[in-house]
Amino acid sequence: MQVDTQTPARAIEVSARTIRRKRNRQLRISLLFMAPAFLVILIFMLGPAIWSVYVSLTNMALTGVGAATPQFVGLDNFVHIFHDSEFYNAFRVSLTYLVFSALIGQAGLGLLLALLMRRRNVVFKSVLGAIIVAAWVIPDVVAGFVWSAFLAGGPQSVLDPGLLNTIFSTFGLPKHAWLQEYPMVMVIIANIWRGTAFSMLLYASALESIPQELLEASAIDGANSWNTLRYVIIPLIRGAIGTDLLLITLATLSDFTLVYVLTAGSNMNTELMTIYQYRQAFQFYQIGYGSAIALLIIAAGAILSLIYTRILRVDL
């Protein structure tokens, strides 16, 4: 009696075809439902990005020849940027602002606050957390006016003294025009106050994931608080550190409102790249040149992100 050995193979092939058809059908249905989201991304994200790249390669402006008949100029805008001393000043200011307000201030203070709150009671954590988060949820414009009022006044000022000068005069100390005498220090402190809550919340979440047994074992082995932090806690939250540095770097490089409200964009010592870009594009009407500066800001953020992931060796 002859046995048909092809029947099982045919059954497997038919089954495989059926599975492929189902998968293809599910894929088509999924793409159909995701099409509106892809369309929104294409129009409102990729579209402006592509347009910005094109504009950066032209002499487009809001007045003059560049407004009537924009012409393709290639890389002339970028060549001009790298020969512009004001751009290098803005780059230096932005780098200083980034290092001290974000990398040292927000990240360092956020980690310290998260460590302080880790073993505290619920009331302490709730009160401190609410105070810090309140600064984070305030809009940048409001935060800028709050700090302007706080730092107002000075020896030659016609404004009423702000709270800081009032405190100084109470203790017999001289008043200062803080935003005029120490502009960079003041905007750095304001940005630290403004953004520390994000780092604190991120680190607090990461610390909660550390097994308590590891910390207890470290204490039993005789490690002090510094060694526990250095050899146990930081390696375990390295991913959170990388994520925090990446996000606060991108946010700080794109910061504009807080510093502009405090300084009105008129102080070269606090002119960030974003403020310099704004001046070129909307005060001097050089849209093409301003778009080129914007692309360099994005490139700076991308390079710093790669450096963070390389140094910390994390997958974000």
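Residues numbered from 1 in each chain as written. Predicted model: local features only at pLDDT ≥ 70, side-chain atom pairs only at ≥ 80, totals over all residues. Heavy atoms only, no water.

To continue, consider the overall build of the chain. The helix and strand tally for the chain stands at 15 helices and 0 strands. In terms of C-alpha radius of gyration, the chain reaches 28 Å, well past the compact-globule figure of 20 Å for 316 residues. Projected onto its principal axes, the C-alpha coordinates of the chain cover approximately 115 × 75 × 30 Å. Per-residue burial for the chain yields a buried fraction of 36% across its 316 residues. For the chain, restricting intrachain contacts to residue pairs at least 6 apart in sequence, the fraction spanning at least 24 positions comes to 66%. Total accessible area on the chain stands at roughly 19,300 Å², and carbon and sulfur atoms take up 68% of it. In the chain, which carries 20 positive and 16 negative side-chain charges, the distance between the mean positions of the two groups comes to 14 Å. (Helix = DSSP H or I, 4+ residues; strand = E, 2+ residues; numbered from the N terminus. Rg over C-alpha atoms; globule rule 2.2 N^0.38 Å. Buried < 20%, exposed > 50% of the residue type's maximum accessible area, 1.4 Å probe, protein only. Contact = heavy atoms within 4.5 Å. Areas by Shrake-Rupley, 256 points an atom, 1.4 Å probe, with all protein chains shown as cover. Lys, Arg positive; Asp, Glu negative; His and termini not counted. Charge placed at Lys NZ, Arg CZ, Asp CG, Glu CD.)

On to the side chain of serine 101. The topology assignment puts serine 101 in helix 4 (residues 85-117). In this structure serine 101 comes out as buried when scored by relative accessible area, which is 0%. Setting aside chain neighbours within four positions, we find serine 101 in contact with Gln106, Ile188, Asn191, Ile192 and Thr252.

A few words on unusual backbone geometry. Although it is not a glycine, tyrosine 285 adopts a positive phi angle of roughly 65°. Relative to the helices and strands, tyrosine 285 resides in the loop between helix 14 (273-283) and helix 15 (287-312).

Moving on to the packing of helix 4 against helix 9 (residues 183-208). In the contact formed by helix 4 and helix 9, the axes pass within 6 Å of each other and the chain directions differ by 40°. On the basis of the axis angle, helix 4 is oblique to helix 9. Relative to helix 9, the crossing made by helix 4 is right-handed. The residue makeup of the contact of helix 4 with helix 9, split by class, is 18 nonpolar, 9 polar and no charged. (Axes fitted to C-alpha atoms, helices over the stretch in contact; angles between N-to-C directions. Parallel < 35°, antiparallel > 145°, perpendicular 65-115°, else oblique. Left-handed = near helix turned anticlockwise from the far one by under 90°. Nonpolar A, V, L, I, M, F, W, Y, C, P; charged D, E, K, R; others polar.)

For the rest of this paragraph, the subject is the UniProt feature "transmembrane region" (unreviewed entry) in the chain. Mapped onto this numbering, the UniProt entry annotates "transmembrane region" (unreviewed entry) at residues 29-54, 95-116, 128-150, 245-264 and 284-308. Here residues 245-264 runs as 80% helix and 0% strand, with 28 Å between its end C-alpha atoms. As a span, residues 284-308 carries 88% helix and 0% strand, and end to end its C-alpha atoms are 35 Å apart. (UniProt positions renumbered as here; feature names shortened; annotations may be inferred.)

With that out of the way, let us pick up empty space enclosed by the protein. Overall, the coordinates contain 1 cavity of 30 Å³ or more when judged by the stated rule. By volume, the largest cavity is sized at about 40 Å³. At the level of elements, helix 4 and helix 12 (238-253) are the ones that each hand at least two residues to the lining of the largest cavity. Residue composition of the lining of the largest cavity, by class: 4 nonpolar, 2 polar and no charged. (1 Å grid on protein atoms, 1.4 Å probe; cavity = no way out; pocket = protein on both sides within 12 Å on 5 of 7 lines; lining within 4 Å. Points joined across faces, edges and corners; volume = space filled by probe spheres on them.)

By volume, the largest pocket amounts to about 430 Å³. Lining the largest pocket are 17 residues, with Leu115, Arg119, Ser225, Thr228 and Ile233 positioned closest to its centre. Contributions of two or more residues to the lining of the largest pocket are made by helix 4, helix 10 (212-220) and helix 11 (225-236). At 5 residues, helix 11 tops the list of elements feeding residues into the lining of the largest pocket. For the lining of the largest pocket, a count of residues per class yields 9 nonpolar, 4 polar and 4 charged.

On to the confidence of the model for the chain. Taken residue by residue, the chain gives an average pLDDT of 86. The fraction at 70 or more is 95%. Here helix 2 (residues 65-68) is the element of the chain with the lowest mean pLDDT, 77, and helix 3 (residues 76-81) is the one with the highest, 93. (pLDDT = per-residue confidence, 0-100.)

If you walk through the whole model with that rule in mind, you get 12 aromatic pairs. Relative to tyrosine 278, the ring of tyrosine 260 has its centre 5.6 Å away and its plane inclined at 75°; by these criteria the two rings are edge-to-face. In this pair, tyrosine 260 sits in helix 13 (residues 257-263) while tyrosine 278 sits in helix 14, placing the two residues 18 residues apart along the sequence. On the basis of relative accessibility, which here comes to 28%, the residue tyrosine 278 falls in the partly exposed class. (Phe/Tyr/Trp six-rings, centres within 6.5 Å; stacked < 30°, edge-to-face > 60°.)

With respect to the helices, strands and loops of the structure, methionine 60 is situated in the loop between helix 1 (6-56) and helix 2. Placed 11 residues apart in sequence, methionine 60 and glutamine 71 show a C-alpha to C-alpha distance of 7.1 Å. Excluding its chain neighbours within four sequence positions, the residues that come into contact with methionine 60 are Trp51, Val55, Gly66, Pro70, Tyr285, Gln286, Ile287 and Gly288.

Ranked by size, the top nonpolar core spans 33 residues in total, and within it Ile81, Phe87, Tyr203, Ile233, Ile237, Leu245 and Ile293 carry the most contacts. A per-element tally of this core places helix 15 first, with 8 residues. Non-local contacts of isoleucine 81, meaning those with residues more than four positions away in its chain, are made with Phe87, Tyr88, Tyr289, Ala292, Ile293 and Leu296. Counting residues in each nonpolar core, the second largest holds 19 residues, with Trp147, Met184, Val187 and Leu262 among its members. (Core = buried A, V, L, I, M, F, W, Y, C linked by side-chain atoms within 4.5 Å.)

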